[in-house]
Amino acid sequence: MVGWKVHLVAVMLVVTRLWREGVRGGEVTYDGRSLLIDGQRKLLFSGSIHYPRSTPQMWPDLIAKAKEGGVDVIQTYVFWNLHEPRPGQYDFSGRYDLVRFIKEIQAQGLYACLRIGPFVEAEWTYGGFPFWLHDVPGITFRTNNEPFKFYMQNFTTKVVNLMKSEGLYASQGGPIILSQIENEYQNIEAAFGEQGPLYVQWAASMAVALETGVPWVMCKQNDAPDPVINACNGMRCGETFPGPNSPNKPAIWTEDWTSFYQVYGGEPYLRSAEDIAFHATLFIAKLNGSYINYYMYHGGTNFGRTAAAYFITGYYDQAPLDEYGLLRQPKWGHLKELHGAIKNSSSTLLEGVKSNFSLGQYQEAYVFQEETGGCVAFLVNNDAKSSATVQFDNKSFELLPKSISILQDCENMIFNTAKVTSESSTRVTTSSQTFEGADKWEEFFDVIPSYLDTTLRADTLLEHMNITKDESDYLWYAFSFQPDSTCAEPVLHLKSFGHVTHAFVNNEYMGSAHGSHDVKNFTMETKIVLDNQMNNISLLSVMVGLPDSGAFLEKRYAGLAEVEIWCTQDESYNFTHYSWGYQVGLLGQELEIYNEQNLGNVEWSNVTTVNQPLTWYKTYFDAPEGSEPLAFNLTTMSKGEAWVNGQSIGRYWVSFLTANGNPSQTLYHVPRSFLQASGNLLVLLEEVGGDPLHVSLCTLSVSTLNNTSSHFRLPS
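Residues numbered from 1 in each chain as written. Predicted model: local features only at pLDDT ≥ 70, side-chain atom pairs only at ≥ 80, totals over all residues. Heavy atoms only, no water.

The name an unreviewed UniProt entry assigns to the protein chain is Beta-galactosidase, from the organism Eucalyptus globulus. In the Catalytic activity (unreviewed entry) part of its UniProt record, the protein chain is described as follows: "Hydrolysis of terminal non-reducing beta-D-galactose residues in beta-D-galactosides." (UniProt positions renumbered as here; feature names shortened; annotations may be inferred.)

Here it is, written out as structure tokens:
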């Protein structure tokens, strides 16, 4: 331990010396007011767009719309599990082509912020960690642990060197002006005791020593070591952020949440344009904020199995650009107006002297004044219920409830956060094709394994994730059992730390149960039918994504923890410690029958009945003409996964209803780049029982609500 501390001090001394000698990001440096690019202070608006949550064909349009909306910087995480699926084996192709994404940002004249992490959370399965990391001997994630630091440094270095090799850092003439190491570590730091702060110091020194030529940030890390900038995440950083931990660092907001994530069983979170504008403006006025990133500006789609535990496939659909890249008005337009108003006065905001004084019980003013005469005023009304009339500079101003008015030249009101002039719009879903008629579909019933079919055996219940290695959502637990003749009305009882369990007895479906995002385990009690002879009990444990946050992620437990069969109040059988057989995944998965070339690996038949468990369905369709975004409406399905031409468009879980009795998601995005003109293959894996005959393919567009008058609403 002493040797490590001496090493850490030596490394930090080198980093500090480099910092003092002027190695501060080449053309990108900073002071207590802002980032400086080529020596010029910058007030920057940024938007998060995650490259794997859309497609390369979508990137140019998404970035162009962000630019048109007044965004200066595109911010993205880097997703370790996508890029290093096996130790030392890297993938930067297709949707994972980070270099192509950064170069598209550069081509459109914008800057980039690269949040390497490499822990990202992001409602992304396992927080972005590849699952093989779990099996490294002696590893503990995100602490002063040598095995973890070895692999974390390897991957961080790989990404930095890749960016350098393509000349993508601003110090090389590229667009990347900021990098991030770690992510919201302060949330869990205390769990690691004295090792937590040591890890923070190491992560900072490791990152800075990579010499990217641009500053590094740590978000939600108020003790971020120099020269790393501490940044804020949240909805109201103008009120909650304690500020930079050094007078020489600027106030940076890496995540201004434009909405919030949504889970199965949960309603969408609707954050108003007015509320976003109010708090972004307050951050600038109150804290001299000079960098604000909207998380998300475009959320996109959690394709495949990338979503974390219980998160829906659509990500931040309520962002300024919705899941499909369509403008969400008035949010996009209102923020564009804010950006224009701020940039009109950016010189004064960055160079002027600020003063702050009261205008009333809930009202105040922030004034920025330059010696050359430039002046900008922010008049704040913190009263959420009532308008207020205030006197400022011998003039009377009417302030809307919970609003900030921006006064150019401290005289003319050019923007009010609660006054929306952008037209409102709604998303229109139009059915393009239906798949009615059993003759359009074929089906395959997956095989339910019995104990004798399994090859992996254990005399206890095994943990789900450690067996599946994230190769599948599914793990079969199977055993054989012959009851006493007195077990006349048996009830299957189980407890699971997984997400869903389906029960089969002698190949017959007996029922299922599931947990939720906020309930970490669940029980199931269902009546079953047993033969007097040997019975095959097959329990399918299902994960809907891996956990994405919290300390000791590598120690999380999932899967079955208790299994019993109750015969009477006094008679029961406990199978927790019993002879179990295990099988990872489903047969259709193993044979990859969602791919055209593998359809012949199983025998498909005409659809005779619907609403059958563990059933694969396939059909073909032609791509609709035009360029409008597409989605499948899966309202009549229940739970499973969907593939188009072999590419997974994500998990669906239509049967998990909200408290209001609605599905959390019914539309599932199909990027046009996944399609060919005709003969496209759609494959659905249905776990519980759904009706594919009423699935439809829809086009999506935006319709203006023709509301052209100014209006204001109370922020949410």
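And the narrative resumes.
In this section: the nonpolar core. One finds I102, M163 and F378 to be the most contacted residues of the largest nonpolar core, which totals 126 residues. Apart from residues no more than four positions distant in its own chain, F378 is found in contact with T281, I284, A285, I342, L349, E364, A365, Y366, F368, I404, S405 and I406. Ranked by size, the runner-up nonpolar core spans 55 residues in total, among them V542, V602, F656 and L697. (Core = buried A, V, L, I, M, F, W, Y, C linked by side-chain atoms within 4.5 Å. Buried < 20%, exposed > 50% of the residue type's maximum accessible area, 1.4 Å probe, protein only. Contact = heavy atoms within 4.5 Å.)

A separate point is the packing of aromatic side chains. All chains considered together, the criterion is met by 61 aromatic pairs. Summarising the aromatic geometry, the rings of Y477 and Y582 are spaced 5.1 Å apart at their centres and angled 65° between planes, so their arrangement reads as edge-to-face. Of this pair, Y477 sits in strand β22 (residues 474–481) while Y582 is found in strand β30 (residues 580–584), placing the two residues 105 residues apart along the sequence. Grouping residues by exposure puts Y477 and Y582 together as buried. Geometrically, the ring pair formed by F497 and Y557 is edge-to-face, given 5.8 Å between the ring centres and 90° between the ring planes. Of the two residues, F497 sits in the loop between β23 (491–496) and β24 (500–505) while Y557 sits in the loop between β27 (535–542) and β28 (560–566), which places them 60 residues apart along the sequence. Residue class for F497 comes out partly exposed when judged on its relative accessible area of 28%. (Phe/Tyr/Trp six-rings, centres within 6.5 Å; stacked < 30°, edge-to-face > 60°. Helix = DSSP H or I, 4+ residues; strand = E, 2+ residues; numbered from the N terminus.)

Each pocket or cavity is described by its volume, and for the largest pocket that value is around 1100 Å³. Surrounding the largest pocket, 34 residues form its lining, L82, Y96, G304, R305 and D470 being those nearest its centre. Among the elements of the structure, α3 (80–83), β34 (639–644) and β35 (647–653) are those that each provide at least two residues to the lining of the largest pocket. When its residues are assigned to classes, the lining of the largest pocket shows 14 nonpolar, eleven polar and nine charged. Looking at the second largest pocket, it is lined by 33 residues, and the ones nearest its centre are F311, H517, K520, D548 and S549. (1 Å grid on protein atoms, 1.4 Å probe; cavity = no way out; pocket = protein on both sides within 12 Å on 5 of 7 lines; lining within 4 Å. Points joined across faces, edges and corners; volume = space filled by probe spheres on them. Nonpolar A, V, L, I, M, F, W, Y, C, P; charged D, E, K, R; others polar.)

For the structure on display, the rule yields four cavities of 30 Å³ or more. Quantified by volume, the largest cavity comes out at close to 40 Å³. Lining the largest cavity are R33, L43, I284, N288, G289, L349, L350 and F368. Taken together, the residues of the lining of the largest cavity break down into five nonpolar, two polar and one charged.

Strand order in the open sheet formed by five strands is β12-β13-β14-β17-β18, with antiparallel pairing between adjacent strands. Each edge of the open sheet carries a strand with a single partner, namely β12 (353–358) and β18 (412–416). Direction aside, the axes of adjacent strands within the sheet are offset by 20° on average. Sheet topology places strand β13 (residues 363–369) next to strand β14 (residues 375–381); seven bridges connect them, and they run antiparallel. (Pairing = 2+ DSSP bridges. Axes fitted to C-alpha atoms, helices over the stretch in contact; angles between N-to-C directions.)

Turning our eyes to something else, we now look at helix α4 (residues 98–107). Along α4, the positions that sit buried rather than exposed are L98, V99, F101, I102, E104 and I105. Buried positions along α4 lie against β4 (44–49), α2 (59–68), β5 (73–77), β6 (111–117), α5 (146–165) and β7 (176–181). Downstream of α4 by a residue or two, G109 has a phi angle that is positive, lying close to 80°.

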